Amino acid sequence: MTALPDPNTLSEDEAKAELARLAEILNEANTAYHTQDAPDLSDADYDALKRRNADIERLFPALKRADSPADQVGASPAEGFTKVTHAVAMLSLSNVFDDADVGEFDGRVRKYLGLSANASLAYTAEPKIDGLSLSLRYENGKLVQAATRGDGTVGENVTANARTIDDVPHEIADAPEVLEVRGEVYMSHPDFEALNVRQAEAGDKQFANPRNAAAGSLRQLDSAITRARPLRFFAYAWGALSAPLAETQAGAIEQLAAYGFQTNPLTALCDGPDEMIAHYRKIEQLRADLGYDIDGVVYKVNDLVLQGRLGFRSTTPRWATAHKFPAELAWTHLEAIDIQVGRTGALSPVARLTPVTVGGVVVSNATLHNEDYIAGRDSKGADIRNGKDIRVGDWVQVYRAGDVIPKVADVDLAKRPETAVPFVMPDHCPDCGSAAVREPGDAVRRCTGGLVCPAQAVEKMKHFVGRSAFDIEGLGAKQVEQFYADGWIKEPADIFTLRDRYGSGLQQLKNREGWGERSAANLFDAIDERREIGLGRVVFALGIRHVGEAAGNLLAAHYQDWQSFSTAMRTAALGNTAWDDLISIDGVGGVMAQSLATTFQQDAEWASIERLAEHLSIQEATRPDTSDSPVAGKTVVFTGTLERMSRAEAKARAEAMGAKVSGSVSAKTDLVVAGPGAGSKGKKAAELGIEMLDEDGWLALIGAA
Ligand code: IVH
């Protein structure tokens, strides 16, 4: 951000105008952050502006606005969810930014309590999780409601979604009559990255960071979507309680852990500012390896009687504060823009940067997404970065959120060299020279070289050996590159002939850098172990565009064996029965079906797949044993509102028990499960004399009550 005039130098009129400007920017940013899950201001810029607002308000208290950003906690709830008025408001935290601030915080607390500097005063210190807060209400030990923070007073009712989170207990033993547990919903780095891969495969939007992914996933109107997103929850606070949890903050957290909640293992009890700062440093050190995003350390007065006495300012408690980490942002030179070719031929621009430390990690590469992003446009043609494009030679801002691949966020036009020219995406593959084509509606340009493109071949094989695919121990991305460069493997099938071709010449491998006799022998054994493999893994491992891990399993469950699957893919064509059967699978759409059919029906691709299949013993997908299921073979219709599970879960469970789930009631229907508001389907079932059950009756029937 460009430097703003020092608040101390402002006249009253200037201060007034500046407070109005800050209110507008910050209130807008609040809305973008809380209701659209799309921050348009970095956390660091947001914090800096909020501090500036507070500084000016301190200098000109009379000018404080009715809509002062200092008093805003979040934003109004999004439409679509019912509203929940929190029994106890969900507040925000004040921030401190350096060591001296921590001492001042302790000083303010002591002053308020009338404690001398040497009286003992303990605090808890724990990571500040970068997710979104959630309040869980238990009555007599049963989860009855889950709500987001919203504006602090009124939040959104996300009960059905919260129930899908593994870390959220549905029942608690020996709980007080009323217990509201509060904490943070978040997504781990590996889960976030996997989600974005799945989103990309499905052609859906990518999430900017794990926080947005968590927020977007929790605030879904369809809880089946939330269920498919791996969310987690750390408990760190509480709202309404019919009986106290403990006498201290640390004791209360222990009690929450005893009730079955996840509590953060890095929570420590500290005896004053020095120990608090030491714990902050420790957490800062561990930050990069935690596997989830944190943005600071929260300090809380340990004694709950003292917390009660300290109470609250308008939106923040006096007994707690957040010590924020410095932003993971840095400016550096963009030395070059390289193009990487992915396994499906996508050309991805990568920024080569003068190495710079971003949040403790040296960054020399960052993603530039696609040609529109570089040009300063989003996928719909709207401006991003106010339309500023990015050029080689530019001074660029690099952003890193936890484990996530660094991104180029901004560019400083004032420092642009005169010689810098706009970036032009190549229209040929930099690797194989084939035409690179951008189809209408696709944000990326793709190499049309297919199997002849070495870059695609290598990337396909890296995918093939990946964790969710063949997962061959000792054969990772590095080895694939090495073997490809040496001409040892050109396609996946070649992996399975390595022993025959080079086994006797183990010597060759053994003499290579990084390989010894034992590791070479282990590699051949690891390859042999994977000759027997499940159908779902094989389908996923082929690396077909739009076919992710979940789709691999869906296809396997549907076709059961390799022969049926491959024959169907070879013959599926728009309108024929193989095609209709393929797209009848829940979770398979036209785009995926087309991609599968195109791949299997290209002769060279099919020949390569057949060569691979020859080396494998592909296991049939197992069908659930439904021999003693009361609903096996029955056609079931769910209608009305289900209260104890989502429609998707009900369907999946019924199918797992051998039932066929249909969307409409007909003479062929055996059973209708009707929740409140069943409407015309319920009526029709009654007319046809079809057996009807309510949700509890259904759960009792399938033995899940
Ligand atoms: S305590 C009354 N502890 O940070 C204060 N908050 O900026 C209750 N947060 O709204 C909050 N980790 O969403 C607390 N260990 C932690 C936290 C934490 C993350 C979030 C929470 C809160 C926000 C305030």
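J.: Tell me what's going on with the pairing of strand 15 (residues 395–399), and back it up with residues and numbers.
T.: In this sheet, strand 15 lies alongside strand 12 (residues 329–341) in antiparallel orientation, the contact comprising five bridges. Paired with Leu329 across the bridge in strand 15 is Tyr399.

J.: Go over the environment of Asn95 with me, naming the residues and quoting the values.
T.: Mapped onto the fold, Asn95 is located in strand 2 (residues 95–96). With twelve residues separating them along the chain, Asn95 and Lys83 place their C-alpha atoms 29 Å apart. In this structure Asn95 touches Asp47, Thr321, Ala322 and Lys324, once residues within four positions along its chain are discounted.

J.: Describe the packing of aromatic side chains, with residues and values.
T.: By the definition in use, this model includes 17 aromatic pairs. Seen in terms of ring centroids, Phe638 and Trp698 are 5.3 Å apart; in terms of plane orientation they differ by 90°. Their pairing is edge-to-face. Residue Phe638 is located in strand 21 (residues 635–639), and its partner Trp698 is located in helix 26 (residues 695–701); the two are separated by 60 residues in the primary sequence. Looking at Trp698, the relative accessible area reads 1%, which means it is buried. Positioned above the aromatic ring of Phe97, the side-chain terminus of Arg51 is 3.8 Å from the ring centre. When the ring centre of Tyr373 is taken as reference, the NZ or CZ atom of Arg385 above it lies at 4.7 Å.

J.: Residue-level account of the sheet that holds strand 8 (residues 232–241), with values.
T.: Within the open sheet, the four strands sit side by side as 5-4-7-8. Their pairing is antiparallel. Because the sheet does not close on itself, it has two edges, and the strands there are strand 5 (142–148) and strand 8. Pairwise comparison of adjacent strand axes, ignoring direction, gives a mean angle of 30° for this sheet. Looking at chain direction, strand 4 (residues 132–139) and strand 7 (residues 178–186) are connected through eight bridges and run antiparallel. The residue of strand 7 that forms the bridge with Leu136 is Val181. Together, strand 7 and strand 8 form the strand contacts of helix 8 (residues 249–258), whose direction differs from that of strand 8 by roughly 115°.

J.: Pulling in residues and values, what's your account of the site of the ligand?
T.: Of all residues adjacent to the ligand, which total 14 residues, the nearest are Glu126, Ile129, Arg149, Glu184 and Tyr236. Glu184 is positioned such that a nitrogen or oxygen atom in its side chain is 2.8 Å from an oxygen atom of the ligand. Contacts to the ligand include Tyr236, whose side-chain N or O atom sits 3.3 Å from an oxygen atom. Burial of the ligand by the protein amounts to 89% of the accessible area it has alone, namely 530 Å². At four residues, the largest contribution of residues to the shell around the ligand is made by strand 3 (residues 123–129). Counted by class, the shell around the ligand contains seven nonpolar, two polar and five charged residues.

J.: For the pattern of salt bridges, give the residues involved together with the corresponding values.
T.: Applying the stated criterion across every chain, the model contains 34 salt bridges. For Arg446, the salt bridge is made with Asp442, and the minimal N-O distance between the two is 3.1 Å. No difference in accessibility class separates Arg446 from Asp442, as the two residues are buried. By sharing partners, the salt bridges in this structure join Glu371, Asp372, Arg377, Arg438 and Arg445 into a single network.

J.: Give me the nonpolar core: which residues, what numbers.
T.: Judged by nonpolar contacts, the single largest core of 56 residues is most densely connected at Leu555, Trp562, Leu582, Leu596 and Phe600. In terms of residue count, helix 18 (residues 535–541) provides more of this core than any other element does, five residues in total. With near-sequence residues (within four places) excluded, Leu582 lies in contact with Leu555, Tyr559, Met569, Ala572, Val588, Ala593 and Leu596. In this structure, Leu143, Leu179, Val185 and Ala235 belong to the second largest nonpolar core, which totals 32 residues.

J.: Let's hear about unusual backbone geometry: which residues, and what values?
T.: With a phi close to 65°, His369 is a non-glycine residue in the positive phi region. As for its position among the elements, His369 is in the loop between strand 14 (361–367) and helix 11 (371–375). The class of His369 is partly exposed, set by a relative accessible area of 31%. Positive phi values are uncommon outside glycine, yet Asp471 reaches one of about 50°. Along the chain, the position of Asp471 falls in the loop between helix 12 (454–464) and helix 13 (477–485). Among the residues examined, Asp471 registers a relative accessible area of 28% and is labelled partly exposed.

Criteria and thresholds
Residues numbered from 1 in each chain as written. Predicted model: local features only at pLDDT ≥ 70, side-chain atom pairs only at ≥ 80, totals over all residues. Heavy atoms only, no water. Pairing = 2+ DSSP bridges. Helix = DSSP H or I, 4+ residues; strand = E, 2+ residues; numbered from the N terminus. Contact = heavy atoms within 4.5 Å. Phe/Tyr/Trp six-rings, centres within 6.5 Å; stacked < 30°, edge-to-face > 60°. Buried < 20%, exposed > 50% of the residue type's maximum accessible area, 1.4 Å probe, protein only. Lys NZ or Arg CZ within 6 Å of the ring centre and 35° of its normal. Axes fitted to C-alpha atoms, helices over the stretch in contact; angles between N-to-C directions. Near = heavy atom within 4 Å. Polar contact = N/O pair within 3.5 Å; in protein donor to acceptor, adjacent residues only side chain to side chain. Areas by Shrake-Rupley, 256 points an atom, 1.4 Å probe, with all protein chains shown as cover. Nonpolar A, V, L, I, M, F, W, Y, C, P; charged D, E, K, R; others polar. Salt bridge = Lys/Arg side-chain N within 4 Å of Asp/Glu carboxyl O. Core = buried A, V, L, I, M, F, W, Y, C linked by side-chain atoms within 4.5 Å.

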